[in-house]
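Letter by letter, the chains look like this.
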Amino acid sequence: MDGNGRWALARGLPRVAGHQAGYEAMRRIVDAAPGLGIRYLTLYAFSSDNWKRPAEEVATVMNLLERYLREAVEDYGIKGIRLSVIGRRDRLPLRLCAAIEAAENATAGGERLHVRIAFDYSARGEILAAAARLGGMREPTVSSFARLLVGANPRLAEVDLLIRTGGEQRLSDFLLWECAYAELYFTPVMWPDFTPQELAAAIEEFGRRERRFGGLPVSTPSPNWVEVQG
Ligand code: FPP
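Residues numbered from 1 in each chain as written. Predicted model: local features only at pLDDT ≥ 70, side-chain atom pairs only at ≥ 80, totals over all residues. Heavy atoms only, no water.

1. What to know about the packing of aromatic side chains
Okay, step 1: Tallied over the full model, the rule gives 10 aromatic pairs.
Okay, step 2: Taken together, a centroid distance of 5.8 Å and an interplanar angle of 80° make the contact between Y68 and Y76 edge-to-face.
Okay, step 3: Feature note: the residues Y23, Y68 and Y76 constitute an aromatic cluster, connected by ring pairs. (Phe/Tyr/Trp six-rings, centres within 6.5 Å; stacked < 30°, edge-to-face > 60°.)

Okay, structure coming up:
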């Protein structure tokens, strides 16, 4: 969700106003997602490197997370939306941790859409933590390691489509393992201006991509025998 700061500065507003507008955009995107066929949606709200930002900006984003958790408890049950938060919790205020747990518990039964907010999140950090949990596992496989990384649901280990707004074309430590075969979609639109229509356009583009996962195009017949002429 990149571009909040530039969106605000372009309007002569403080950067935090961009995060507030970004919050509204996020609410609209989550509400539109199930209708566009999305079952899992992970939003990068605060990276572990974002601690370097000014204290006022960090506090604004934390307050927005708290507000989101409160609003989720109020209306995600009825909408069938499950909410969870990924990333480190040991550097967050205890009050925020309690609110995260409460929202996760209150929405655990949601089956229409699973929204994950990445907060104090670092993909490298998550991979390192999963590696530390390997313990005595002798020969880890991609799927056994993925379970250590994301838990029991294998869908969470495979990102289909990664969207970055704001014009930068990089991953910035987001879901690095999970994006091994993700389709990447970069748009210059600043996050507060990213609408459900923009999301629908990204999904349409995704539908035009050919996903081969290292194999051949599906239209290419694969020989079940090879004749060598001498
Ligand atoms: C990156 O844009 C965005 C963030 C660091 C914060 C994202 C937060 C929200 C969208 C709202 C908060 C929502 C929750 C649930 C916490 P940037 O500020 O780096 O933009 P810039 O590159 O234009 O400076």
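There is more to say, and it comes next.
2. Looking at the sheet that holds strand β3 (residues 113–121)
Okay, step 1: Taken together, 3 strands build an open sheet; the order of strands is β1-β3-β2 and the sheet is parallel. At either margin of the open sheet sits one strand with a lone partner, and together these are β1 (40–47) and β2 (81–86). With direction set aside, neighbouring strand axes in the sheet form an average angle of 20°.
Okay, step 2: One ladder, built from 6 bridges, connects β2 with β3; its direction is parallel. Residue pairing across strands places V85 opposite I117, the latter belonging to β3.
Okay, step 3: Lying over the sheet, helix α2 (residues 15–32) contacts β1, β2 and β3, oriented at roughly 165° with respect to β1. (Pairing = 2+ DSSP bridges. Helix = DSSP H or I, 4+ residues; strand = E, 2+ residues; numbered from the N terminus. Axes fitted to C-alpha atoms, helices over the stretch in contact; angles between N-to-C directions. Contact = heavy atoms within 4.5 Å.)

3. Notes on the site of the ligand
Okay, step 1: Taken together, 19 residues form the shell around the ligand, and within it D2, R6, R15, H19 and R53 come nearest.
Okay, step 2: Within the side chain of D2, one N or O atom sits 3.0 Å away from an oxygen atom of the ligand.
Okay, step 3: Protein contact buries 92% of the 630 Å² of open area that the ligand shows by itself.
Okay, step 4: Every element with two or more residues in the shell around the ligand is listed here: α1 (4–9), α2 and α3 (55–79).
Okay, step 5: Tallying contributions element by element places α2 first for the shell around the ligand, with 5 residues.
Okay, step 6: Looking at the shell around the ligand residue by residue, the class counts come to 9 nonpolar, 6 polar and 4 charged. (Near = heavy atom within 4 Å. Polar contact = N/O pair within 3.5 Å; in protein donor to acceptor, adjacent residues only side chain to side chain. Areas by Shrake-Rupley, 256 points an atom, 1.4 Å probe, with all protein chains shown as cover. Nonpolar A, V, L, I, M, F, W, Y, C, P; charged D, E, K, R; others polar.)

4. Remarks on the side chain of H19
Okay, step 1: Within the element layout of this structure, H19 appears in helix α2.
Okay, step 2: Relative accessible area serves as the criterion here: at 10%, H19 is assigned to the buried category.
Okay, step 3: A polar atom in the side chain of H19 sits 2.8 Å from the side chain of E57.
Okay, step 4: Non-local contacts of H19, meaning those with residues more than four positions away in its chain, are made with N4, R53, E57, T60, V61 and L64. (Buried < 20%, exposed > 50% of the residue type's maximum accessible area, 1.4 Å probe, protein only.)

Take it as geometry only, folks, not as evidence of what the structure does.
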